[in-house]
There are 4 protein chains.
Amino acid sequence: MRVGVLTGGGDCPGLNAVIRAVVRKGVSEYGYEFVGFRDGWRGPLENITCELGIPQVRGILPRGGTILGSSRTNPFKIENGVERIKENLAANGVDALVAIGGEDTLGVATKLSELDVKVVGVPKTIDNDLGATDFTFGFDTAVNIATEAIDRLHTTAESHHRIMVVEVMGRHAGWIALHAGLAGGANVILIPERPFDMDKVVEYVESRFRTNYSPIVVVAEGAVPKEGTHSLQSDERDAFGHVRLGGIGDMVAKELEKRTGKEARAVVLGHVQRGGTPTAFDRWLATRFGLHAIEAVHDGDFGMMVALRGTDIVRVPLTDATKELKLVTPELYAEAEVFFG
Amino acid sequence: MRVGVLTGGGDCPGLNAVIRAVVRKGVSEYGYEFVGFRDGWRGPLENITCELGIPQVRGILPRGGTILGSSRTNPFKIENGVERIKENLAANGVDALVAIGGEDTLGVATKLSELDVKVVGVPKTIDNDLGATDFTFGFDTAVNIATEAIDRLHTTAESHHRIMVVEVMGRHAGWIALHAGLAGGANVILIPERPFDMDKVVEYVESRFRTNYSPIVVVAEGAVPKEGTHSLQSDERDAFGHVRLGGIGDMVAKELEKRTGKEARAVVLGHVQRGGTPTAFDRWLATRFGLHAIEAVHDGDFGMMVALRGTDIVRVPLTDATKELKLVTPELYAEAEVFFG
Amino acid sequence: MRVGVLTGGGDCPGLNAVIRAVVRKGVSEYGYEFVGFRDGWRGPLENITCELGIPQVRGILPRGGTILGSSRTNPFKIENGVERIKENLAANGVDALVAIGGEDTLGVATKLSELDVKVVGVPKTIDNDLGATDFTFGFDTAVNIATEAIDRLHTTAESHHRIMVVEVMGRHAGWIALHAGLAGGANVILIPERPFDMDKVVEYVESRFRTNYSPIVVVAEGAVPKEGTHSLQSDERDAFGHVRLGGIGDMVAKELEKRTGKEARAVVLGHVQRGGTPTAFDRWLATRFGLHAIEAVHDGDFGMMVALRGTDIVRVPLTDATKELKLVTPELYAEAEVFFG
Amino acid sequence: MRVGVLTGGGDCPGLNAVIRAVVRKGVSEYGYEFVGFRDGWRGPLENITCELGIPQVRGILPRGGTILGSSRTNPFKIENGVERIKENLAANGVDALVAIGGEDTLGVATKLSELDVKVVGVPKTIDNDLGATDFTFGFDTAVNIATEAIDRLHTTAESHHRIMVVEVMGRHAGWIALHAGLAGGANVILIPERPFDMDKVVEYVESRFRTNYSPIVVVAEGAVPKEGTHSLQSDERDAFGHVRLGGIGDMVAKELEKRTGKEARAVVLGHVQRGGTPTAFDRWLATRFGLHAIEAVHDGDFGMMVALRGTDIVRVPLTDATKELKLVTPELYAEAEVFFG
């Protein structure tokens, strides 16, 4: 049995831990051989492979990123993409594929699976917005990095009686903002799921100053203000065409400065949140995902994806991966609101 | 409504986060007043109280330990203990109690609850060995500290072609050893649930040297060797009557040195694992436990304890807390065994 | 003897360690009393004081920021500023002042000293650009935070074959960029002392891609490109009037993307660099600065400032503090250039 | 020109940074070739070599340990040791040697240098006890790890009204204890340079309890009690012949428990202090040591060693390396004593 492995989409702490677990168990328990495909779906598409065995996965467990490289290549948008993939899999003698990735990567896997490619999926999203699993790896690392940053900003805020706005990842779902905001003792948390009332944000911030305690505002990059509550102008949003520049964090800081008369500073955590060594939780989760994915290959249980439920790893259809975005519920947001103001 | 709060047993990162959440929500949502009882059950027993309100819980979220202090006092082993507690609760006008603690502390809470004291429990065990909940706070912090230590020891082991033995917490359950061992890429993991075969440990270690990669052995403090596989002598175990000195980690290191002819060193992580600032996960879990505990008080749902199931916080009877120890299952241990040797 | 203490200018990890050391030694060795002045020179100017003694400095050693608050108030720019300060010092029975701060704060201290106010200075600049001392506290913490961020970005850069640009603090001097760039293994380091040749930066980056290793560009916020080597437009620099937004990091990333055809992302570390718990080095240095400052008070050695030379703490005239900016020398920059490209 | 590189003695964070800097500058600036010798002096003695060039030093900057391995082999204690080394150097075409190591390794280098082997030394001691240089790399990492551990133990000590004793490295010199004790806010610091009065330690600890603040005792592994002030028995010192077991930390904890009636716990940090990724300071210092060492080779300045003086890297005769141990002076210890009790 020869198994191909690839990683697609944005990088995420824990990818290497998955790869290592897949290979270690595949080799030692089932005697499988492995082929690494480089840079996501580009690998099987353009037949870019690399050796993948016990020596290649030595020492990669604590390392961020992915030794296989990544890309956002979608073979369904490329002429004869699917045929070329099938040909290259055959040419490499690959019987089954383990695809590690997010919505896009697993979307491709799902369609290929329906076209008789034998695939098992491992879900990956640093944003934790996948409905089929309790948590995804990488998320815990991102939340810890954001929380540590918030811890650091508290002392600056207090020493200077200043508002600190922290922009964290999360375009469509506010999980990182919610968890890091709760863990970091934020004054307000703004998430994409709930357009925010700028008047209320001003109120929260001012009430914090009255108790002589400086405010930290945590805002997900995808958060948006309610119309009529703010004077933010969308054309200020992005000077260079990049999304992160002059983003929502800066806008909120600017508006708070205007309306409270206090200094406000924005910090955009950006890519620091998704790089580097994974936390113990993410290594544990990624390792178990890898072990169970290769077990699914061994069981011939293709078209499936591994997922965490409680403390169990289960298998769910790949189609579940992309079915619906897991959003922060009003109930969970209400829990956090207790600490606002 | 006046609510008493106490923390008992060994300290654990996240205790302060629970206290803060209980008080913040109790005050701002329900208008409750609070009384802090010092040092576990000693507080209500000897009527040692402290002020507890919004100002007292400011800034404590990231701090380890407990602002209320702790002890292992058991009022059921003290003459008139229960009567004195009831009297002191009444004297302080306390209508309900939030008790945060482990097996012993919640064992007392359970019995008091049967004697009509209105108690809600919050489970705490750094060892994660409580059956009623998926995880307990403090555990993730301990695992991260142990994992970081293992990461550091890898480079020493490799540079010196040496065996490093890391002794972690876990007297009855091997959860910390299992998770940190998996996350740290251990060569072997030894846990209390499964008496270990010293001959096999020697084999694993030697096989690691053959691949030119130095071994890390992770051993829970409560792990024990199988008879007939070792020459460890129990009277070497403890020179001073303390449990941690000359413990199992040192014994294993000594035996490995003898039998492999390679240098071996033991590191006993000890109390470093349970102190200091909690991880984001533990702050999130502890905060949510606190929020749901005070909600249970508000609902009059006494004799209950909060617990994590998946990503939900649920309530379970206090009696469940102490019913049975959650042990590492053979299946979970088998997952880790893939990486041995 | 009654001693006033104040902290001015931008906050910096280690300020609390200085305050603690001043008070601990002042009280226990010399029997002094202390008065805390709030928010830099605003404190003595507007007579805003706070209690300052052993209880107030308990537990502050590991905390970032300053318990005394800070501001940029300059009494020489305020009518009767100096008179009011003298009056308020007298009204509080203050015999001597310990002023902890940077160029501006110590500039005021210098002038007040010439007007017979008894002051001892403690230098503070996170940028490390003070000629009179080998290092200033806070700098080591900032460098470690920036280095850890660079470590994390390496894995993202490699997984995505992407250029990562990291903008660090340093308006006039490139010390943080130099040290963090060296420690983090940067591909290029851009500092204010040396206008950079954008053509060369492009060359370095491209050469790194040829070795299949992704580039990290570290740029100080005050770095500027040489004319004629770039197409950056200064009006893109700042959309909102804030300096950090759309700063040099973003400009460099944008230009690199255009000219190399590779994706580039900028991360602006911002205030995270100056908040939170100090490193051991900064706690050690700040503590020793505090001890020696109060000793100078005891010796009646006013108009002086403490400084680090090798491993010794020495005293230098306050006028030295502001005399000249310590810049990165061509020799030191040449050391780092070995690693470029 | 062909240059050999070796690392000897106990491992230390920063060794890889030195190797990388030596090779990077040697190759790119001087066009040198390199040979790696494995495991300290065992390498040239037994002719165990490895490839060493730009590809081998890629990515090793942040990694602890040494890619060249280490040992305590001393060729002067082995028959024909020196001859064999000379032969093997010649056989490998090695013109000069960069030897990175502590007292023993550099002692060998000194003697070989007198026997016409062309050596440049790079000093390495995690204990910082080398007189010729202000600091050695690895020390800052060890101090930070110990300080972080002390930070964590504070909260446990306070929550349980317990004495925590932390044993850190330092057999002959107390630098790690002094710096980490100062940085961590220790109650007492015990160092080898000054036999400690156990009665006074008891006094300090008791005075700390009176202020309702729990004591942390930091003790260097080589600290010894004054006769007549304690009941410690040397035969309790070591149950297994290992030095670290039942060491001075445990003895002090035991005695404090007896005499104060309070619980005391010892934590022995051990090898965790010397492994893993170096701090930014250590990477900077190690990198600069490497750059200047290869420059000395280029200048033909053999028999010399690099050293830090203030912020300059200088060259001193190799004989200085081993001339005298740098001990904590009474003046520096007195600085720390301000915080005792």
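Everything numeric here is computed off the predicted structure, so don't read it as measured data.

Caption draft 1: Up close: the overall build of chain A. Summing up its helical and strand segments, chain A has 12 helices and 11 strands in all. For 341 residues, the compact-globule formula gives about 20 Å, and the C-alpha radius of gyration of chain A, at 22 Å, lands near that figure. Overall size of chain A, expressed as C-alpha extent along the three principal axes, is 70 × 40 × 30 Å. Relative to its full complement of 341 residues, chain A shows a buried share of 67%. Residue pairs in contact within chain A that sit at least 24 positions apart in sequence constitute 75% of those at least 6 positions apart. Total accessible area computed for chain A in this model is approximately 11,100 Å², and 46% of it derives from carbon and sulfur atoms.

Caption draft 2: Quick look at the interface of chain B and chain D. Taken together, the contact pairs 43 residues of chain B with 43 residues of chain D. Interface area for chain B against chain D, summed over the two sides, is near 3,400 Å², with a carbon-plus-sulfur share of 55%. Our enumeration of links across chain B and chain D arrives at zero salt bridges. Counting the contacts that link chain B with chain D gives 20 residue pairs in polar contact (both at pLDDT 80 or more). Sorting the residues of the side of chain B that touches chain D by element identifies helix 6 (139-160), helix 9 (248-260) and strand 9 (264-268) of chain B as the ones contributing at least two each. Tallied by class, the residues present in the side of chain B that touches chain D amount to 12 nonpolar, 19 polar and 12 charged.

Caption draft 3: A look at the UniProt feature "binding site: diphosphate" (unreviewed entry) in chain A. With numbering matched to this structure, UniProt assigns "binding site: diphosphate" (unreviewed entry) to Gly 10 of chain A. With respect to the secondary-structure elements, Gly 10 of chain A resides in the loop between strand 1 (2-7) and helix 1 (15-30).

Caption draft 4: Main features of the side chain of Ser 71 of chain D. All names here are of chain D. Following the sequence through the fold, Ser 71 ends up in the loop between helix 3 (54-57) and helix 4 (81-91). A relative accessible area of 9% means that Ser 71 is categorised as buried. A distance of 2.7 Å separates the side chain of Ser 71 from the backbone oxygen of Asp 39, its partner in a polar contact.

Caption draft 5: Looking closely at the domain arrangement of chain A. All names here are of chain A. What the domain assignment lists for chain A is domain 1 (2-138 + 278-323) and domain 2 (139-274). Each partner contributes to the interface: domain 1 provides 16 residues, whereas domain 2 provides 14 residues. Here domain 1 meets domain 2 over a buried area of about 1,100 Å², counting both sides, of which 53% is carbon and sulfur. For the pair domain 1 and domain 2, the interface holds one salt bridge. We note a salt bridge from Arg 274 to Asp 11, for which the minimum N-O separation is 3.4 Å. At the junction of domain 1 and domain 2, the tally comes to nine residue pairs in polar contact (both at pLDDT 80 or more). Its residues assigned to classes, the side of domain 1 that touches domain 2 shows seven nonpolar, five polar and four charged.

Caption draft 6: The sheet that holds strand 9 (residues 264-268) of chain D, seen in detail. Residues and elements named next belong to chain D. An order of 7-8-6-9 is seen for the four strands of this open sheet, with the pairing classed as parallel. Single-partner strands in this sheet number two, and they are strand 7 (188-190) and strand 9. Strand-to-strand twist in this sheet, taken as the mean axis angle between neighbours without regard to direction, amounts to 20°. Pairing geometry for strand 7 and strand 8 (residues 216-220), over three bridges, is parallel.

Caption draft 7: Highlighting the interface of chain C and chain A. Contacts between the two partners involve 43 residues from chain C, matched on the other side by 43 residues from chain A. For the pairing of chain C and chain A, the buried interface totals around 3,400 Å² over both sides, and the portion due to carbon and sulfur atoms is 55%. Seen at the junction of chain C and chain A, the total is zero salt bridges. Seen at the junction of chain C and chain A, the total is 20 residue pairs in polar contact (both at pLDDT 80 or more). Elements represented by at least two residues in the side of chain C that touches chain A include exactly helix 6 (139-160), helix 9 (248-260) and strand 9 (264-268) of chain C. Take the side of chain C that touches chain A: its biggest share by element is nine residues, from helix 6 of chain C. Counted by class, the side of chain C that touches chain A contains 12 nonpolar, 19 polar and 12 charged residues.

Caption draft 8: Spotlight on the relation of the copies chain B and chain D. Note on the copies: chain B fits chain D at an RMSD of 0.0 Å, the axial shift is 0.0 Å, and the rotation between them is 180°. Such a turn and shift between the copies fits a two-fold axis. The residues that chain B uses at the interface reappear at the interface of chain D in 100% of cases, marking a shared surface.

Caption draft 9: A look at the sheet that holds strand 11 (residues 312-317) of chain B. Residues and elements named next belong to chain B. Spatial strand order, 3-2-1-4-5-10-11: seven strands in an open sheet with mixed pairing. At either margin of the open sheet sits one strand with a lone partner, and together these are strand 3 (49-51) and strand 11. Going from strand to strand, the sheet's axes swing by 30° on average, the running direction of each strand aside. When strand 2 (residues 33-37) meets strand 3, the two strands line up antiparallel, connected through three bridges. Across the sheet, Phe 37 pairs through a bridge with Thr 49, a residue of strand 3.

Caption draft 10: Highlighting the pattern of salt bridges. According to the stated counting rule, one finds 76 salt bridges over all chains in the structure shown. Lys 25 of chain C serves as the salt-bridge partner of Glu 295 of chain C, at 2.9 Å between the closest nitrogen and oxygen. One end of the pair, Glu 295 of chain C, is in helix 10 (residues 280-298); the other, Lys 25 of chain C, is in helix 1 (residues 15-30), with 270 residues separating them in the sequence. Judged by relative accessible area, Glu 295 of chain C falls into the partly exposed class, the value being 24%. In this structure, the salt-bridge partner of Asp 199 of chain D is Arg 259 of chain D, at a minimum N-O distance of 2.5 Å. Taken together, the positions of Asp 199 of chain D in helix 8 (residues 198-210) and Arg 259 of chain D in helix 9 (residues 248-260) put the pair 60 residues apart, joining distant regions of the chain. One salt-bridge network, held together by shared partners, links Arg 162, Glu 257, Glu 263 and Arg 265 of chain A.

Caption draft 11: Structural view of helix 12 (residues 330-337) of chain C. Along helix 12 of chain C, the positions that sit buried rather than exposed are Leu 332, Tyr 333, Glu 335 and Ala 336 of chain C. The arc that holds every buried residue of helix 12 of chain C, seen down its axis, measures 150°, which confines them to one face. Summarising the geometry of helix 12 of chain C, the exposed residues directed more than 90 degrees from the buried face are Pro 330 and Glu 331 of chain C. Where the residues of helix 12 of chain C are buried, they touch helix 7 (175-184) and strand 7 (188-190) of chain C together with helix 10 (280-298) of chain D.

Caption draft 12: Focus on the state of the cysteines. In total, this model carries zero disulfides over all chains according to the counting rule given. Looking at the unpaired Cys 12 of chain B, the closest cysteine sulfur is the one in Cys 50 of chain B, lying at 19 Å.

Caption draft 13: Here's a closer look at the arrangement of the chains. With respect to C-alpha atoms, chain B approaches chain C no nearer than 11 Å, and the pair has no contact. There is no contact between chain A and chain D; across them, the least C-alpha separation is 11 Å.

Caption draft 14: Local environment of the relation of the copies chain C and chain A. With an RMSD of 0.0 Å, the operation that places chain C on chain A is a rotation of 180° combined with a shift of 0.0 Å along the axis. A share of 100% of the interface residues of chain C reappears at the interface of chain A, consistent with the copies meeting face to face through the same patch.

Caption draft 15: Examining the packing of aromatic side chains more closely. Summed over all chains, the structure comprises 34 aromatic pairs over all chains. Judged by centre distance (6.2 Å) and plane angle (20°), the rings of Phe 135 of chain B and Phe 139 of chain B are stacked. We note that Phe 135 of chain B, like Phe 139 of chain B, is buried. Seen from their ring centres, Phe 135 of chain B and Phe 281 of chain B are 5.9 Å apart, and the 85° between their planes marks the pair as edge-to-face. In this pair, Phe 135 of chain B is assigned in the loop between strand 5 (119-123) and helix 6 and Phe 281 of chain B in helix 10 (residues 280-298), connecting sequence segments 146 residues apart. For the pair formed by Phe 135 of chain B and Phe 281 of chain B, the shared burial category is buried. Taken together through their ring pairs, the aromatic side chains of Phe 135, Phe 139, Phe 281 and Trp 284 of chain A together with Phe 135, Phe 139, Phe 281 and Trp 284 of chain B make up a single cluster. Sitting over the ring of Phe 76 of chain C, Lys 111 of chain C keeps its end group 4.6 Å from the ring centre.

Definitions and limits used
- Residues numbered from 1 in each chain as written.
- Chains lettered and ligands numbered in written order.
- Predicted model: local features only at pLDDT ≥ 70, side-chain atom pairs only at ≥ 80, totals over all residues.
- Heavy atoms only, no water.
- Helix = DSSP H or I, 4+ residues; strand = E, 2+ residues; numbered from the N terminus.
- Rg over C-alpha atoms; globule rule 2.2 N^0.38 Å.
- Buried < 20%, exposed > 50% of the residue type's maximum accessible area, 1.4 Å probe, protein only.
- Contact = heavy atoms within 4.5 Å.
- Areas by Shrake-Rupley, 256 points an atom, 1.4 Å probe, with all protein chains shown as cover.
- Buried area = accessible area lost by both parts, 1.4 Å probe.
- Salt bridge = Lys/Arg side-chain N within 4 Å of Asp/Glu carboxyl O.
- Polar contact = N/O pair within 3.5 Å; in protein donor to acceptor, adjacent residues only side chain to side chain.
- Nonpolar A, V, L, I, M, F, W, Y, C, P; charged D, E, K, R; others polar.
- UniProt positions renumbered as here; feature names shortened; annotations may be inferred.
- Domains from an automatic or database assignment.
- Pairing = 2+ DSSP bridges.
- Axes fitted to C-alpha atoms, helices over the stretch in contact; angles between N-to-C directions.
- Least-squares fit on C-alpha atoms with pLDDT ≥ 70 in both.
- Arc of directions from axis to C-beta.
- Disulfide = S-S within 2.5 Å.
- Phe/Tyr/Trp six-rings, centres within 6.5 Å; stacked < 30°, edge-to-face > 60°.
- Lys NZ or Arg CZ within 6 Å of the ring centre and 35° of its normal.

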